[in-house]
Structures are given as C-alpha cells and as structure tokens.
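Listed here are the chains, written in short residue letters.
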Amino acid sequence: MRIEAVQGDITAERVDAVVNAANEALAGGGGVDGAIHRAAGAEELHAACAALGRCPTGDAKATPGFRLAARWVIHAVGPRYRDGEHGEAELLARAYRRCLEVADELGARSVAFPAISTGIYGYPRDEAARIAVATIASTPTAVELVRLVAFDGQTLLAYERELSSRGNEGDEG
Ligand code: AR6
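Given the structure is predicted, the values throughout are model-derived calculations rather than measurements. (Residues numbered from 1 in each chain as written. Predicted model: local features only at pLDDT ≥ 70, side-chain atom pairs only at ≥ 80, totals over all residues. Heavy atoms only, no water.)

Considerations on the packing of aromatic side chains
Following the criterion strictly, the structure yields two aromatic pairs and no others. When the ring of Tyr81 is compared with that of Tyr123, the centres are 4.8 Å apart and the planes differ by 65°; the resulting orientation is edge-to-face. Of the two residues, Tyr81 sits in the loop between β4 (72-76) and α3 (88-106) while Tyr123 sits in the loop between β5 (110-113) and α4 (125-138), which places them 42 residues apart along the sequence. The exposure class of Tyr81 is partly exposed, given its relative accessible area of 28%. Its relative accessible area of 3% is what places Tyr123 among the buried residues. Between Tyr96 and Phe113 the ring centres are 5.1 Å apart and the planes differ by 35°, which places this aromatic pair in the tilted class. With Tyr96 in helix α3 and Phe113 in strand β5, this residue pair connects regions lying 17 residues apart in the sequence. (Phe/Tyr/Trp six-rings, centres within 6.5 Å; stacked < 30°, edge-to-face > 60°. Helix = DSSP H or I, 4+ residues; strand = E, 2+ residues; numbered from the N terminus. Buried < 20%, exposed > 50% of the residue type's maximum accessible area, 1.4 Å probe, protein only.)

Okay, here's the thing in structure tokens:
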C-alpha cells in the first residue's frame, strides 16, 4: 500500500472513498463533516446517515458520496480528547482500522482520510498523526492508496515526519 500526505480540501479528492470525521449520532456538524455534507449534497447525505442510525466511537459506516467525486463516504467517529488516559489512542486507532475494513467491504482501492479527532475533538495533532500512520501501515487491507489530507500546514508536516521516519514517501505522487 502506498501512503501519501497532501494538503487540501478533502471534498475535492478523486478517490474511491473519502473518510468523514463524524459524531456518534451521524448528525452532521462543523469542520470536515460540514464541508463533506455541503459538497455531497446535505439533504441526501443527511438522509443516508439517518438511515444508518448511530455509530459508536471507534467505529465507521458508509454512505454513497452523492455529488462528491468519491463514490463513498466512510463516516468514522474518533474520540474526544480528554487527557490521553481515557483510551483515546486505542479508540483513534480503532477508527482508522474500521475505515479500512469498511473500504474492503465496499471494494474501495483508494481512500482519503482527514485528521480524525484533531479539530473540534481536540486530539493533539502530532500524536494523532503518529497513530494514523502506524495504524494504516499495520492494518491488513486490499486498499492500494491512502491519502492523508491535511487541512493545515502543521498537520501536513506531522504526516511527512511520520512517513519519512518509516521510509515511506510523504509527497504527492
Ligand atoms: N478537508 C480536510 N480536512 C478538513 C476540512 C476539509 N474540508 N475541514 C476541516 N478539516 P474536525 P473532529 C480538518 O473538527 O475533531 C464535527 O462537528 C481539521 O482542520 O472536522 O474529529 C463532527 O460532526 C482537522 O484537522 O473533526 C463531530 O461532531 C480535521 O479535519 C466533530 O466535529 C478534523 O477536524 C468531530 O471532530
């Protein structure tokens, strides 16, 4: 599997599936969730999410991508960061793993991830980047391309550090 880090808006990604940083109610919200709902078509995506019911923290569920270039949206729920001593790392890793499992069920070969939990949910950026890269790299999957989409430059740098320390290519390819 190839893992790339890029900076940009995940709603513009041309991949089989984009991951959304959702909440347990799959109710929509701000941040990347709001951007994905607007770009996909808020009405359709809300209805598809409502049909899924809830999604516990650490789990992920898929809907169509509607007006996105991506065929699917995988809605993942990361943990709210408290102090790092409430299972946050394991829950964040589980959310990344579940996304790849759901991608496999869908037959998605390329997946773009936002930095789950690092916005409104407050997860420290560098630690979240470490968990994202380590978990994706160690999860068995048929996914061939993972794009880590950083919204800001600091997050991109964090990904590039993690990828280069693993001998992976962190640049656009
Ligand atoms: N493309 C890529 N990344 C983005 C975009 C975008 N268009 N917009 C924001 N980000 P957040 P969370 C980055 O807050 O912390 C919502 O209300 C952002 O800079 O979107 O998991 C949900 O409904 C940050 O690096 O998600 C939940 O209630 C990353 O995406 C809650 O927020 C995640 O930030 C989830 O909080």
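Next comes the rest of the write-up.
Re the nonpolar core
With 35 residues, the main nonpolar core has Phe113 and Tyr159 as its most contacted residues. Contributing elements (two or more residues each) for this core: β1 (2-7), β2 (17-21), β4, α3, β5, α4, β6 (145-150) and α5 (153-165). If one sorts the elements of this core by residue count, α3 sits on top with seven residues. Tyr159 has contacts with Ala5, Tyr96, Pro114, Ala115, Ala129, Ala132, Val133, Leu148 and Ala150, leaving out every residue within four places of it along the chain. Residues Ile10, Cys55, Leu68 and Val73 belong to the second largest nonpolar core, which totals 17 residues. (Core = buried A, V, L, I, M, F, W, Y, C linked by side-chain atoms within 4.5 Å. Contact = heavy atoms within 4.5 Å.)

Here we look at the sheet that holds β2
In a beta sheet, neighbouring strands pair by backbone hydrogen bonds and run either parallel or antiparallel. The strand order across the open sheet formed by six strands is β1-β6-β5-β2-β4-β3, and the pairing between neighbours is mixed. Single-partner strands in this sheet number two, and they are β1 and β3 (60-64). For this sheet, the mean inter-axis angle between neighbouring strands, taken without regard to orientation, is 25°. Judged from the two bridges that link them, β2 and β5 form a sheet pairing that is parallel. What sits directly across from Ala17, in β5, is Val111. Here α4 sits on the sheet in contact with β1, β5 and β6, set at roughly 170° to β6. Where α5 meets the sheet, it contacts β1 and β6, and its direction lies at approximately 155° from that of β1. (Pairing = 2+ DSSP bridges. Axes fitted to C-alpha atoms, helices over the stretch in contact; angles between N-to-C directions.)

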